[in-house]
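Observations on the model geometry
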Amino acid sequence: MPTLTKYNLDTAEILNPKRRGDSGIRQKEKYSYYAGYSKSFTSRLFQTVGLHPEDVILDPWNGAGTTTSVSSELEYRSIGFDLNPVMVIVAKSSEVGVQNAQSITPLAKEMLTVASKELSEFEGFDPLEMWFETETARFIRAIEKALQKILLPNDYRMLKVRPIEDISALAALFYVAIFNMVRSLVSSFRGSNPTWIKMARTSEERLRIPNEVVSQQFLFHLQGLEGYLRQKGDHCSVSKEISSRIEVASSTKLPLEDSSVDFVLTSPPYCTRIDYAVKTRVELALLGYGDDDSFKTLRQSLIGTATVPKTKIDVDSRWGVECGKFLDKVYSHQSKASKTYYYSNHLQYFKAMSDSIGEIKRVTREEGSCVFVVQTSYYKEVFNDLPKIIIEMAENSGLTLRRKEDFLVDQDMSRVNRGTRTYRLGMARNYESVVVFEKLSSRCM
Ligand SMILES: C[S@@+](CC[C@H](N)C(=O)[O-])C[C@H]1O[C@@H](n2cnc3c(N)ncnc32)[C@H](O)[C@@H]1O
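**Notes on the pairing of strand β2 (residues 77-82)**
Burial of β2 is extensive: five of the six residues sit out of reach of the surface. On the question of chirality, the crossover connecting strand β1 (residues 56-59) to the parallel β2 by way of helix α2 (residues 66-73) is right-handed.

**Regarding the confidence of the model for the chain**
With 89% of its residues at a pLDDT of 70 or more, the chain shows a mean pLDDT of 88. In this model, residues 21-27 is a region of pLDDT below 50 whose contacts with residues beyond four sequence positions or in other chains number ten contacts. Across residues 414-420, where pLDDT falls below 50, the model places twelve contacts with residues more than four positions away in sequence or in other chains.

**Brief notes about helix α1 (residues 39-48)**
Regarding α1, the residues found buried are F41, T42, L45 and F46. The arc enclosing the buried residues of α1, seen along the axis, measures out at 120°, which places them on a common side. Residues of α1 that are buried sit in contact with α2, β4 (261-266) and β5 (364-375). After α1 finishes, the residue G50 shows a positive phi value of roughly 85°.

**A short note on the environment of G290**
Along the polypeptide, G290 turns up in the loop between α9 (281-286) and α10 (293-301). On the neighbour-count criterion, G290 (19 C-beta atoms within 10 Å) is partly exposed. When the C-alpha atoms of G290 and M130 are compared, they prove to be 8.4 Å apart, with 160 residues separating the residues in sequence. Dropping the residues within four chain positions of it, G290 is found in contact with F125, P127, A285 and F295.

**As for the sheet that holds β4**
As summarised here, the arrangement of the seven strands in space is β3-β2-β1-β4-β5-β9-β8, forming an open sheet in which the pairing is mixed. Pairing within the sheet leaves two strands with one partner each, and these edge strands are β3 (245-248) and β8 (400-408). Pairwise comparison of adjacent strand axes, ignoring direction, gives a mean angle of 15° for this sheet. Running over the sheet, α2 touches β1, β2, β3 and β4 and is turned about 165° from β2.

**Some points on helix α3 (residues 85-93)**
Across the nine residues that make up α3, a large majority, nine, are buried. If you check which residues of α3 are buried, you get P85, V86, M87, V88, I89, V90, A91, K92 and S93. Looking at the buried side of α3, the elements it contacts are α2, β2, α6 (169-185), β3 and α9.

**A look at the packing of helix α11 (residues 321-331) against helix α13 (residues 386-397)**
Contact geometry of α11 with α13 gives a least axis separation of 7 Å together with a crossing angle of 135°. Judged by the inter-axis angle, α11 sits oblique to α13. Along the contact surface, α11 presents V321, E322, C323 and F326, while α13 presents K388, I389 and E392. Residue composition of the contact of α11 with α13, by class: four nonpolar, no polar and three charged.

**Looking at the environment of M199**
In this fold, M199 is placed in the loop between α6 and α7 (211-235). Taking the C-alpha atoms as reference points, M199 and V282, 83 residues apart in sequence, are found 9.5 Å from one another. What M199 contacts, discounting residues up to four positions off in sequence, is M130, W131 and F189.

**A look at the packing of helix α5 (residues 134-151) against α6**
Look at α5 against α6: their axes get within 10 Å of each other, and the N-to-C directions meet at 170°. Considering the angle they form, α5 stands roughly antiparallel to α6. Within the contact between the two elements, α5 uses I140, I143, E144, L147 and L151 and α6 uses L170, A171, F174, I178 and V182. Classifying every residue of the contact of α5 with α6 by side-chain character gives nine nonpolar, no polar and one charged.

**Remarks on the nonpolar core**
With 118 residues, the main nonpolar core has I143, V176, A177, I178, F218 and I390 as its most contacted residues. Broken down by element, this core gets its largest block of residues, twelve residues, from α6. Here this core spans two domains, since at least three of its residues come from each of domain 1 (19-88 + 241-268 + 303-444) and domain 2 (99-232). Residues in contact with I143, not counting those within four places in the same chain, are M111, L112, A115, I178 and F218.

Calculation criteria
Residues numbered from 1 in each chain as written. Predicted model: local features only at pLDDT ≥ 70, side-chain atom pairs only at ≥ 80, totals over all residues. Buried ≥ 20, exposed ≤ 12 C-beta atoms within 10 Å, placed from the backbone. Helix = DSSP H or I, 4+ residues; strand = E, 2+ residues; numbered from the N terminus. Right-handed = clockwise from strand over helix to strand, strands pointing away. pLDDT = per-residue confidence, 0-100. Contact = placed C-beta atoms within 7 Å. Arc of directions from axis to C-beta. Pairing = 2+ DSSP bridges. Axes fitted to C-alpha atoms, helices over the stretch in contact; angles between N-to-C directions. Parallel < 35°, antiparallel > 145°, perpendicular 65-115°, else oblique. Nonpolar A, V, L, I, M, F, W, Y, C, P; charged D, E, K, R; others polar. Core = buried A, V, L, I, M, F, W, Y, C linked by C-beta atoms within 7 Å. Domains from an automatic or database assignment.

Below, the structure is given as structure tokens:
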């Protein structure tokens, strides 16, 4: 007998989540971010799963904010958390309404005028000087200060120490323009691994860029964002957008009441040692995270980091049988550091995932649903069936699996590492799964 549930979990349309699976006209990217799923996947799911107008949608690993921006466009309330403030700003910038498009260029010009009059007198070492000569760093900082003067309340403070609620969607969009600008200016510091960035080792290596060039770049990147906004306006049929709550928080300790969310759509950090903090290191420098403890602390707290825990972590039976088998294979692998660094790095990842899934279950209402987009990967030649591990963890935390759809992946982040590729020759392809859970009502249990 079919179960009567709140959502159409069996019949909802689940498209290939990959961004390039988007159908129709390709949307301009606001900020290059490889880890997200597509807007078309998200909106099709939301349109066919039977959401209710009063529902609250959550993404505890909100990244660039696909879940929150599609929720807003479809007029659902949503909450998005991410521990990386750069991603919180990127996600917030998606909430800018198209009516702001015409004010972008005039505001940008005003910022440049203020910046050239009030050149920044930075006390001490500016984290931007890890790539830029002092003068160039000062001019970029002056643009950021002008942005704050024009668009944020109160006096200038590094974003690292400012409440994130201060930052309006429009201010966030200007921050994204500076992110894109500094990223493209430091492109010579990137190597073949897209998630890594070097720093200047000597003062000669630091970039000296004339202020006019920085100004042109700032305007160029803002025009790109203006184009993106106008394109969004052309494709968005709704007249009114609801804005989302987007904040810095950890998935392992969600700042939400028990049973306060109806629907979760998310994709967890990859298990391939992608360092999300290093990937956004230049953007973090702009926010004030320097070559000091603030950067290190953030890096260590992000799930998927390449660092290892300071305290010993024991395997927990709630992580499931598949996770235990995979960890045994990592431990007994003959390659260097498998028993030490790699094993301990994986323990850290699975503990954080298990804690996060427990939190997601706690904040989901009974009869609510949780959808995870999860990719398989390899440790050397050892297959990591992360979708299966997540299913076991979720079931052990009290969620019930309702559906699983698999999609083959042709280019994946586990191949970023050259070393990994040698082991992977002739191995099975990775796939990405969409796994759908329900939190059953206690009356049904
Ligand atoms: C796979 S991405 C999410 C992609 C996102 N759903 C999208 O479509 O753009 C994973 C995100 O998790 C974030 N993250 C890592 N550890 C976290 C933690 N402990 N709490 C919250 N977010 C975390 C990373 O900063 C990254 O943005």
